[in-house]
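Listed below, chain by chain, are the residues.
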Amino acid sequence: MIRVLVVEDDPLLAEAHRRYVERVDGFTPVGVVHSGASALAFLGREPVDLVLLDFFLPDTSGLDVCRELRRAGHPADVLAVTSARDLDLVRAAVSLGVVQYVLKPFTFALFREKLESYAAYRAELDRAEGGDAVQQDVERLFAALRRPSVAGGLPKGFSAETYERVLDHLRRAGEDVSASDLAEAVGASRVTARRYLEHLADQGLADKSLRYGGAGRPEQLYRWRAT
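Anyway, here's the lowdown on the structure attached to this text. (Residues numbered from 1 in each chain as written. Predicted model: local features only at pLDDT ≥ 70, side-chain atom pairs only at ≥ 80, totals over all residues. Heavy atoms only, no water.)

**Considerations on the sheet that holds strand S1 (residues 2-7)**
Taken together, the five strands give an open sheet; going across it, the order is S2-S1-S3-S4-S5, and neighbouring strands pair in parallel fashion. Each having just a single partner strand, strand S2 (27-33) and strand S5 (98-103) make up the two edges of the open sheet. Strand-to-strand, the axes of this sheet are offset by a mean angle of 20°, without reference to chain direction. As defined by bridge partners, strand S4 (residues 77-82) adjoins S5 across five bridges and the pair is classed as parallel. Along S5, the bridge assignment pairs Val78 with Val98. This element, helix H2 (residues 36-45), spans S1, S2 and strand S3 (50-53) of the sheet and lies at about 130° to S2. (Pairing = 2+ DSSP bridges. Helix = DSSP H or I, 4+ residues; strand = E, 2+ residues; numbered from the N terminus. Axes fitted to C-alpha atoms, helices over the stretch in contact; angles between N-to-C directions. Contact = heavy atoms within 4.5 Å.)

This is how it looks when you write it as C-alpha coordinates:
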(Lines give C-alpha, C1' and ligand atoms only; values in the text may rest on other atoms or scores of the structure.)
Protein backbone atom coordinates (compact mmCIF):
# COMPACT_ATOMS: atom_id res chain seq x y z
CA MET A 1 0.00 0.00 0.00
CA ILE A 2 1.37 3.43 -0.96
CA ARG A 3 1.14 5.82 1.99
CA VAL A 4 0.08 9.37 1.08
CA LEU A 5 0.31 12.64 3.02
CA VAL A 6 -2.03 15.42 1.87
CA VAL A 7 -0.62 18.95 2.33
CA GLU A 8 -3.28 21.55 1.53
CA ASP A 9 -4.11 24.78 3.37
CA ASP A 10 -7.80 24.80 2.38
CA PRO A 11 -9.58 22.33 4.72
CA LEU A 12 -12.35 21.56 2.20
CA LEU A 13 -9.89 20.84 -0.60
CA ALA A 14 -7.71 18.82 1.76
CA GLU A 15 -10.65 16.60 2.66
CA ALA A 16 -11.60 16.24 -1.01
CA HIS A 17 -8.07 15.18 -1.90
CA ARG A 18 -8.00 12.71 0.99
CA ARG A 19 -11.21 11.13 -0.27
CA TYR A 20 -9.81 11.00 -3.80
CA VAL A 21 -6.79 9.08 -2.50
CA GLU A 22 -9.08 6.59 -0.73
CA ARG A 23 -10.84 5.88 -4.03
CA VAL A 24 -7.66 4.76 -5.82
CA ASP A 25 -6.68 1.12 -5.30
CA GLY A 26 -3.25 0.63 -3.75
CA PHE A 27 -3.14 4.03 -2.00
CA THR A 28 -4.03 5.05 1.54
CA PRO A 29 -4.04 8.54 3.11
CA VAL A 30 -2.00 8.49 6.32
CA GLY A 31 -2.37 12.15 7.19
CA VAL A 32 -3.73 15.58 6.27
CA VAL A 33 -1.91 18.79 7.24
CA HIS A 34 -2.40 22.43 6.33
CA SER A 35 1.06 24.03 6.48
CA GLY A 36 4.65 23.42 5.50
CA ALA A 37 5.83 23.16 9.10
CA SER A 38 3.15 20.57 9.89
CA ALA A 39 4.11 18.61 6.77
CA LEU A 40 7.79 18.46 7.73
CA ALA A 41 6.93 17.51 11.31
CA PHE A 42 4.65 14.71 10.10
CA LEU A 43 7.28 13.42 7.69
CA GLY A 44 9.81 13.42 10.51
CA ARG A 45 7.76 11.00 12.60
CA GLU A 46 5.64 8.91 10.20
CA PRO A 47 6.50 6.75 7.14
CA VAL A 48 5.22 8.39 3.95
CA ASP A 49 5.76 7.30 0.33
CA LEU A 50 4.09 10.16 -1.55
CA VAL A 51 3.31 13.77 -0.62
CA LEU A 52 0.44 15.56 -2.36
CA LEU A 53 1.81 19.07 -1.98
CA ASP A 54 0.11 22.41 -2.47
CA PHE A 55 2.71 25.06 -3.39
CA PHE A 56 0.87 27.99 -1.82
CA LEU A 57 0.98 27.39 1.93
CA PRO A 58 0.35 29.91 4.73
CA ASP A 59 3.83 29.67 6.29
CA THR A 60 6.14 28.75 3.40
CA SER A 61 6.18 27.66 -0.24
CA GLY A 62 5.88 24.14 -1.51
CA LEU A 63 9.29 24.53 -3.13
CA ASP A 64 10.84 25.22 0.26
CA VAL A 65 9.18 22.08 1.61
CA CYS A 66 10.73 20.13 -1.29
CA ARG A 67 14.15 21.64 -0.61
CA GLU A 68 13.96 20.70 3.06
CA LEU A 69 12.92 17.16 2.18
CA ARG A 70 15.90 16.76 -0.12
CA ARG A 71 18.27 18.37 2.37
CA ALA A 72 17.09 15.92 5.04
CA GLY A 73 17.39 12.99 2.63
CA HIS A 74 13.75 12.00 3.10
CA PRO A 75 12.75 9.28 0.58
CA ALA A 76 9.16 10.48 0.00
CA ASP A 77 8.26 11.47 -3.55
CA VAL A 78 6.26 14.63 -4.25
CA LEU A 79 3.22 15.13 -6.46
CA ALA A 80 2.46 18.84 -6.79
CA VAL A 81 -1.25 19.65 -6.53
CA THR A 82 -1.38 23.38 -7.09
CA SER A 83 -2.74 26.34 -9.03
CA ALA A 84 0.83 27.59 -9.64
CA ARG A 85 1.24 27.93 -13.42
CA ASP A 86 4.46 29.95 -13.60
CA LEU A 87 6.91 28.04 -15.81
CA ASP A 88 9.92 29.05 -13.72
CA LEU A 89 8.24 27.49 -10.70
CA VAL A 90 7.46 24.35 -12.70
CA ARG A 91 11.13 24.10 -13.75
CA ALA A 92 12.22 24.53 -10.13
CA ALA A 93 9.80 21.81 -9.05
CA VAL A 94 11.21 19.40 -11.62
CA SER A 95 14.78 20.20 -10.53
CA LEU A 96 13.80 19.29 -6.96
CA GLY A 97 12.50 15.90 -8.02
CA VAL A 98 8.74 16.50 -8.14
CA VAL A 99 7.50 13.40 -10.00
CA GLN A 100 4.05 14.67 -11.11
CA TYR A 101 2.41 18.09 -11.43
CA VAL A 102 -1.38 18.51 -11.30
CA LEU A 103 -2.98 21.92 -11.85
CA LYS A 104 -6.10 22.93 -9.93
CA PRO A 105 -8.91 22.54 -10.68
CA PHE A 106 -8.76 18.95 -11.92
CA THR A 107 -11.03 15.97 -12.40
CA PHE A 108 -10.91 12.77 -10.39
CA ALA A 109 -10.09 10.89 -13.63
CA LEU A 110 -6.91 12.94 -14.06
CA PHE A 111 -6.02 12.61 -10.37
CA ARG A 112 -6.49 8.85 -10.47
CA GLU A 113 -4.40 8.61 -13.60
CA LYS A 114 -1.50 10.47 -11.99
CA LEU A 115 -1.58 8.22 -8.94
CA GLU A 116 -1.74 5.10 -11.08
CA SER A 117 1.18 6.36 -13.15
CA TYR A 118 3.13 6.75 -9.94
CA ALA A 119 2.12 3.24 -8.84
CA ALA A 120 3.35 1.88 -12.18
CA TYR A 121 6.65 3.71 -11.65
CA ARG A 122 6.98 2.19 -8.18
CA ALA A 123 6.22 -1.26 -9.57
CA GLU A 124 9.00 -0.87 -12.14
CA LEU A 125 11.41 0.20 -9.40
CA ASP A 126 10.51 -2.86 -7.35
CA ARG A 127 11.13 -5.14 -10.33
CA ALA A 128 14.55 -3.62 -10.97
CA GLU A 129 15.61 -3.46 -7.31
CA GLY A 130 18.80 -5.28 -6.43
CA GLY A 131 20.41 -5.25 -9.87
CA ASP A 132 21.86 -2.99 -12.51
CA ALA A 133 19.38 -1.34 -14.87
CA VAL A 134 19.61 -1.83 -18.61
CA GLN A 135 18.29 0.77 -21.05
CA GLN A 136 14.96 -1.02 -21.37
CA ASP A 137 14.47 -0.83 -17.58
CA VAL A 138 15.14 2.91 -17.61
CA GLU A 139 12.75 3.45 -20.51
CA ARG A 140 9.98 1.60 -18.68
CA LEU A 141 10.53 3.66 -15.52
CA PHE A 142 10.21 6.97 -17.33
CA ALA A 143 7.36 5.71 -19.54
CA ALA A 144 5.32 4.93 -16.43
CA LEU A 145 5.50 8.57 -15.31
CA ARG A 146 5.01 9.95 -18.82
CA ARG A 147 1.83 8.04 -19.65
CA PRO A 148 -0.60 10.19 -21.70
CA SER A 149 -3.23 12.13 -19.81
CA VAL A 150 -6.93 11.61 -20.37
CA ALA A 151 -7.09 15.41 -20.41
CA GLY A 152 -4.79 15.69 -23.39
CA GLY A 153 -1.55 14.47 -24.94
CA LEU A 154 -3.00 11.37 -26.56
CA PRO A 155 -1.79 10.36 -30.02
CA LYS A 156 -3.64 11.86 -32.95
CA GLY A 157 -6.96 10.13 -33.59
CA PHE A 158 -7.26 8.76 -30.05
CA SER A 159 -10.38 9.47 -27.98
CA ALA A 160 -9.91 10.35 -24.31
CA GLU A 161 -13.17 8.54 -23.48
CA THR A 162 -12.11 5.36 -25.30
CA TYR A 163 -8.63 5.55 -23.80
CA GLU A 164 -10.15 5.70 -20.31
CA ARG A 165 -12.37 2.67 -21.04
CA VAL A 166 -9.42 0.72 -22.42
CA LEU A 167 -7.31 1.52 -19.35
CA ASP A 168 -10.12 0.55 -16.99
CA HIS A 169 -10.84 -2.74 -18.77
CA LEU A 170 -7.20 -3.78 -18.99
CA ARG A 171 -6.52 -2.88 -15.35
CA ARG A 172 -9.52 -4.85 -14.12
CA ALA A 173 -9.11 -7.88 -16.37
CA GLY A 174 -6.32 -9.44 -14.32
CA GLU A 175 -5.43 -11.67 -17.26
CA ASP A 176 -4.31 -11.63 -20.89
CA VAL A 177 -6.61 -9.69 -23.20
CA SER A 178 -6.78 -9.88 -26.99
CA ALA A 179 -7.76 -7.05 -29.31
CA SER A 180 -10.98 -8.93 -30.04
CA ASP A 181 -11.78 -9.23 -26.33
CA LEU A 182 -11.15 -5.53 -25.80
CA ALA A 183 -13.12 -4.48 -28.87
CA GLU A 184 -16.21 -6.29 -27.57
CA ALA A 185 -15.78 -4.91 -24.03
CA VAL A 186 -15.40 -1.23 -24.98
CA GLY A 187 -17.55 -1.14 -28.11
CA ALA A 188 -14.79 -0.46 -30.62
CA SER A 189 -13.53 -2.17 -33.76
CA ARG A 190 -10.77 -4.75 -33.45
CA VAL A 191 -8.38 -2.50 -35.37
CA THR A 192 -9.06 0.41 -33.01
CA ALA A 193 -8.66 -1.80 -29.95
CA ARG A 194 -5.34 -3.07 -31.29
CA ARG A 195 -4.09 0.52 -31.76
CA TYR A 196 -4.83 1.40 -28.14
CA LEU A 197 -3.26 -1.81 -26.86
CA GLU A 198 -0.13 -1.30 -28.93
CA HIS A 199 0.12 2.26 -27.64
CA LEU A 200 -0.07 1.05 -24.02
CA ALA A 201 2.60 -1.55 -24.75
CA ASP A 202 4.83 1.12 -26.32
CA GLN A 203 4.39 3.24 -23.18
CA GLY A 204 5.51 0.34 -20.98
CA LEU A 205 2.06 -0.03 -19.42
CA ALA A 206 1.17 -3.41 -20.91
CA ASP A 207 3.08 -6.62 -21.57
CA LYS A 208 2.64 -8.51 -24.84
CA SER A 209 2.68 -12.24 -25.47
CA LEU A 210 1.62 -14.62 -28.23
CA ARG A 211 -1.03 -17.33 -27.96
CA TYR A 212 -0.53 -20.29 -30.30
CA GLY A 213 -3.19 -22.79 -31.16
CA GLY A 214 -5.08 -24.19 -34.11
CA ALA A 215 -4.49 -23.14 -37.66
CA GLY A 216 -3.51 -19.66 -38.73
CA ARG A 217 -1.37 -16.95 -37.16
CA PRO A 218 -0.80 -16.76 -33.39
CA GLU A 219 -2.88 -14.21 -31.50
CA GLN A 220 -1.30 -11.22 -29.75
CA LEU A 221 -2.28 -10.86 -26.09
CA TYR A 222 -1.85 -7.92 -23.70
CA ARG A 223 -1.74 -7.74 -19.90
CA TRP A 224 -1.75 -4.66 -17.64
CA ARG A 225 1.80 -4.20 -16.35
CA ALA A 226 1.15 -2.07 -13.25
CA THR A 227 -0.80 -4.70 -11.32
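**Brief notes about the packing of H2 against helix H3 (residues 62-72)**
Packing of H2 against H3 leaves a shortest axis separation of 10 Å and a crossing angle of 25°. As far as their axial angle goes, H3 and H2 are roughly parallel. Along this stretch, H2 crosses H3, giving a crossing that reads as right-handed. Facing H2, whose interface residues are Gly36, Leu40 and Leu43, H3 presents Val65, Glu68 and Leu69. Residue composition of the contact of H2 with H3, grouped by class: four nonpolar, one polar and one charged. (Parallel < 35°, antiparallel > 145°, perpendicular 65-115°, else oblique. Left-handed = near helix turned anticlockwise from the far one by under 90°. Nonpolar A, V, L, I, M, F, W, Y, C, P; charged D, E, K, R; others polar.)

**Some points on the nonpolar core**
Nonpolar side chains in soluble globular proteins tend to be buried together. Counting 24 residues, the largest nonpolar core has Leu5, Val7, Val51, Leu53 and Phe55 as the members making the most contacts within it. At the level of secondary structure, the elements contributing two or more residues to this core comprise S1, H2, S3, H3, S4 and helix H4 (87-95). With four residues, H3 is the largest single contributor of residues to this core. Non-local contacts of Phe55, meaning those with residues more than four positions away in its chain, are made with Ser61, Gly62, Leu63, Ala80, Val81, Thr82, Leu89, Ala93, Val98 and Tyr101. In terms of nonpolar packing, the next biggest core, distinct from the first, is built from 20 residues, Ala14, Val81, Leu110 and Tyr121 among them. (Core = buried A, V, L, I, M, F, W, Y, C linked by side-chain atoms within 4.5 Å. Buried < 20%, exposed > 50% of the residue type's maximum accessible area, 1.4 Å probe, protein only.)

**As for the sheet that holds strand S6 (residues 177-178)**
Spatially, the three strands line up as an open sheet ordered S6-S8-S7, and their pairing is antiparallel. Whereas interior strands pair on both sides, the edge strands pair on one side only; in this sheet they are S6 and strand S7 (206-211). Two elements, S7 and strand S8 (residues 219-224), share six bridges in a ladder whose sense is antiparallel. By the bridge assignment, Asp207 is partnered in S8 with Arg223. Where helix H7 (residues 160-173) meets the sheet, its contacts fall on S6, S7 and S8, and the angle it forms with S8 comes to roughly 85°.

Any functional reading would require information that these geometric values do not contain.
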